[in-house]
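Here are the chains, one letter per residue:
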Amino acid sequence: MNILLIGGTGFLGSHLAHHLAAEGHRLTLPTRRRDHAKHLLVLPTATVVQANVHDEGQLETLMAGHDAVINLVGILHSRSGQPYGSDFARAHVELPKKILAACNRVGVKRLLHVSALQASADAPSGYLRSKAAGEALLRAAHDKNEIALTLFRPSVIFGPDDAFLNVFAKLLRIFPVMPLACAEARFQPVFVRDVAAVITDSVASEASIGQTYALCGPQIYSLRQLVEYVGSVTGHRRLVIGLPDALSYLQAYAMEFVPNGPMSRDNYHSMQVDSVCEQNCTLPFGRTATALETIAPLWLAPPAARRT
């Protein structure tokens, strides 16, 4: 198939591009800056195009001649606003709306869209509320037979180049004690290659049309447990001090003044809802979720201690 992969040069997108290319799909990967996609130029069936996907004219031009569109675009930080900030609105609501409109104009009937676990109109964070708003407009179009839609709702995604476990690994190298906001927040981390494999499976599966897939790993952890695990694997064990709610909120607020800071008040609000799947939830297409402990040491552990 000819697939337009929007957000395909990022963390999940890069892994997904490799999976899709391995299946023989021909990919178009738009990016604001071509040098951000150098690592994907080696894929034999991928074409990297410098473009602004938020521009409706460019988006329509990009989409022409494709069989399917996959949208992976997501951001974790935004200016404040109600029910969500303007940056969340642009990435999670306005862009899916533009993608849908372009699909209708060009005649693309297949859309796969990555949202977030626990996205809801009444969720405590702008991030989750905006993700829910994007889902809602796409579901409405699917119900009217305007698009054949598949939705994915992953928990936090981990992998060799993630911005989750690796962030804690860096912090643990620096600080002798780790004061941790929302230490008891719960996650069910899912391996990036498992998510990429499920999306790739869905592309060719008519049975996936109309489905919403919750994607989680096999184990639930508190944030404290995850940080302590990273410390044990990296060899930087630290005392983790869980902060009470008021101090957690203040820490999140302070991090907003740090360029590319690891946390914000909206992230704090997101963590008031456990990012876990329903009991006995499994990956679709008969896939088995990869346990964090079997794969994370391959990149987190010191070189001499890494398994081969």
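Since this is a predicted model, take the numbers as computed values, not measurements.

(A) Looking closely at the overall build of the protein chain. Scanning the protein chain from terminus to terminus reveals eleven helices and 13 strands. Computed over the C-alpha atoms, the radius of gyration of the protein chain is 19 Å, within 12% of the 19 Å expected from 2.2 N^0.38 for a compact globule of 308 residues. Oriented by its inertia axes, the alpha-carbon framework of the protein chain measures out at about 55 × 50 × 40 Å. When burial is assessed residue by residue, the protein chain has 51% of its 308 residues classed as buried.

(B) Representation of the nonpolar core in the model. In this structure, Ile 70 and Ile 199 are the most contacted members of the largest nonpolar core, which totals 64 residues. Among all residues touching Ile 199, those that are not within four sequence positions of it are Leu 12, Leu 16, Ile 70, Leu 72, Leu 112, Val 114 and Phe 152. Counting 22 residues, the second-largest nonpolar core is a separate cluster that includes Leu 62, Ala 91, Leu 138 and Ala 141.

(C) Quick look at the pairing of strand β11 (residues 212-215). With burial as the criterion, only one face of β11 is covered, namely that bearing Tyr 213 and Leu 215; the residues Thr 212 and Ala 214 on the opposite face remain uncovered. In the sheet, strand β6 (residues 148-154) pairs with β11 via four bridges, with the strands oriented parallel. Within the sheet, the bridge partner assigned to Pro 154 lies in β11 and is Leu 215.

Rules used in this analysis
Residues numbered from 1 in each chain as written. Predicted model: local features only at pLDDT ≥ 70, side-chain atom pairs only at ≥ 80, totals over all residues. Heavy atoms only, no water. Helix = DSSP H or I, 4+ residues; strand = E, 2+ residues; numbered from the N terminus. Rg over C-alpha atoms; globule rule 2.2 N^0.38 Å. Buried < 20%, exposed > 50% of the residue type's maximum accessible area, 1.4 Å probe, protein only. Core = buried A, V, L, I, M, F, W, Y, C linked by side-chain atoms within 4.5 Å. Contact = heavy atoms within 4.5 Å. Pairing = 2+ DSSP bridges.

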